[in-house]
Amino acid sequence: MGPAGSGKSTYCSTMVGHCESLARVVHLVNLDPAAEKFTYEPTIDIRDLITLEDVVEELHYGPNGGLIYCLEFLINNMDWFEEELNNFDDDYLIIDCPGQIELYTHFPIMKRLVENMQRLGYRVCGVYCLDSQFIDDIPKYFSGVLSAMSAMVQLEIPHVNVMTKMDLLGDRAQSSRMERFLDPDPSLLAESANIETHSKFHGLNLALLRLIEEYNMVSFLPLNIKEEESISLVLQHIDNAIQYGEDIEPKEPKDDADPEDEEGDIEYFQ
Ligand SMILES: Nc1nc2c(ncn2[C@@H]2O[C@H](COP(=O)(O)OP(=O)(O)OP(=O)(O)O)[C@@H](O)[C@H]2O)c(=O)[nH]1
Ligand SMILES: [Mg+2]
């Protein structure tokens, strides 16, 4: 999840590529009815059910209303989604969501979706992407974190914040400026916020920081898609959040496995 252009689809394709390199069975699920092209073909695609283009053309909705319509249509046709989801057992699904904040705040659409997946036995982790290019000052940081928090509070699932596009922070000065937002000290943030805002907002700054701190929302995992180590670290956090791999069944031995060769006997999922 995350605001428009925050790097959600890039996150998804980066993770699919990474998981494939680890031989993890992974599928991309596209829930963005306006998506155009993907690096990896989605295994489940809302566009097989409904497209934004059709809704705009036939019902004369604008792009935003059209998108909400599409997602509501999905919720009202959950049997389609459940049928698509039924084939995956222990596999790892990465779900690319649309960016509209209304889907998390005004309408219980994503909440319903998550509840349905949980009912089917899926463990779901929310990954919220925020663009490092837009978090370079305190007011933007506040608004980004609060949007992430609204999604977290609505969905009530394990939640990980990811700071995307870290590769674009070329020089050291830029990177170290960003570091204070990755795992910030709230009292330092309050100081900076107070410098940047009129004194009548200082009470509000403090209240927001307390809120952010109490919900444990202050930390972000940096994601540099050009560095394998960075991708791996984000994946590890999410694996921990959903306890991925803990109860995965060993695969059946291959028919042609050599009984003498112990290592060849059982293959484990990654
Ligand atoms: N350099 C760099 N560019 C990125 C990264 N992530 C995303 N981008 C670029 O940012 C733009 C938006 O990325 P997307 O992945 O499409 O973002 P999105 O959140 O899926 O966007 P919407 O689906 O339209 O809301 C694209 O031009 C990407 O190439 C990144 O980690 N590094
Ligand atoms: Mg996208």
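One can find the structure itself at the top, above this paragraph.
Residues numbered from 1 in each chain as written. Chains lettered and ligands numbered in written order. Predicted model: local features only at pLDDT ≥ 70, side-chain atom pairs only at ≥ 80, totals over all residues. Heavy atoms only, no water.

Student: Help me understand the sheet that holds strand E2 (residues 44-45) in this model?
Tutor: In a beta sheet, neighbouring strands are held together by backbone hydrogen bonds and run either parallel or antiparallel to one another. Overall, parallel pairing links the three strands, which are arranged E2-E1-E3 in an open sheet. Single-partner strands in this sheet number two, and they are E2 and strand E3 (92-96). Of the pairings in the sheet, the one linking strand E1 (residues 26-30) to E3 comprises five bridges and is parallel in character. Along E3, the bridge assignment pairs Asn30 with Asp96. (Pairing = 2+ DSSP bridges. Helix = DSSP H or I, 4+ residues; strand = E, 2+ residues; numbered from the N terminus.)

Student: Any chance you could explain the site of ligand 1 here in plain terms?
Tutor: In the vicinity of ligand 1 lie 13 residues, with Gly7, Lys8, Ser9, Thr10 and Asp167 positioned nearest. One nitrogen or oxygen atom from the main chain of Gly7 is found 3.0 Å from an oxygen atom belonging to ligand 1. Burial of ligand 1 by the surrounding chains reaches 64%, relative to a free accessible area of 640 Å². The residue makeup of the shell around ligand 1, split by class, is four nonpolar, five polar and four charged. (Near = heavy atom within 4 Å. Polar contact = N/O pair within 3.5 Å; in protein donor to acceptor, adjacent residues only side chain to side chain. Areas by Shrake-Rupley, 256 points an atom, 1.4 Å probe, with all protein chains shown as cover. Nonpolar A, V, L, I, M, F, W, Y, C, P; charged D, E, K, R; others polar.)

Student: What should I look at first to understand the packing of aromatic side chains in this one?
Tutor: The geometry of an aromatic ring pair comes down to the distance between the two centres and the angle between the two planes. By the definition in use, this model includes six aromatic pairs. Where Tyr141 meets Phe142, the ring centres are 6.3 Å apart and the plane angle is 45°; that geometry is what we call tilted. With respect to burial, Tyr141 and Phe142 carry one shared label: buried. In this structure an aromatic cluster arises from ring pairing among Tyr61, Tyr69 and Phe73. (Phe/Tyr/Trp six-rings, centres within 6.5 Å; stacked < 30°, edge-to-face > 60°. Buried < 20%, exposed > 50% of the residue type's maximum accessible area, 1.4 Å probe, protein only.)

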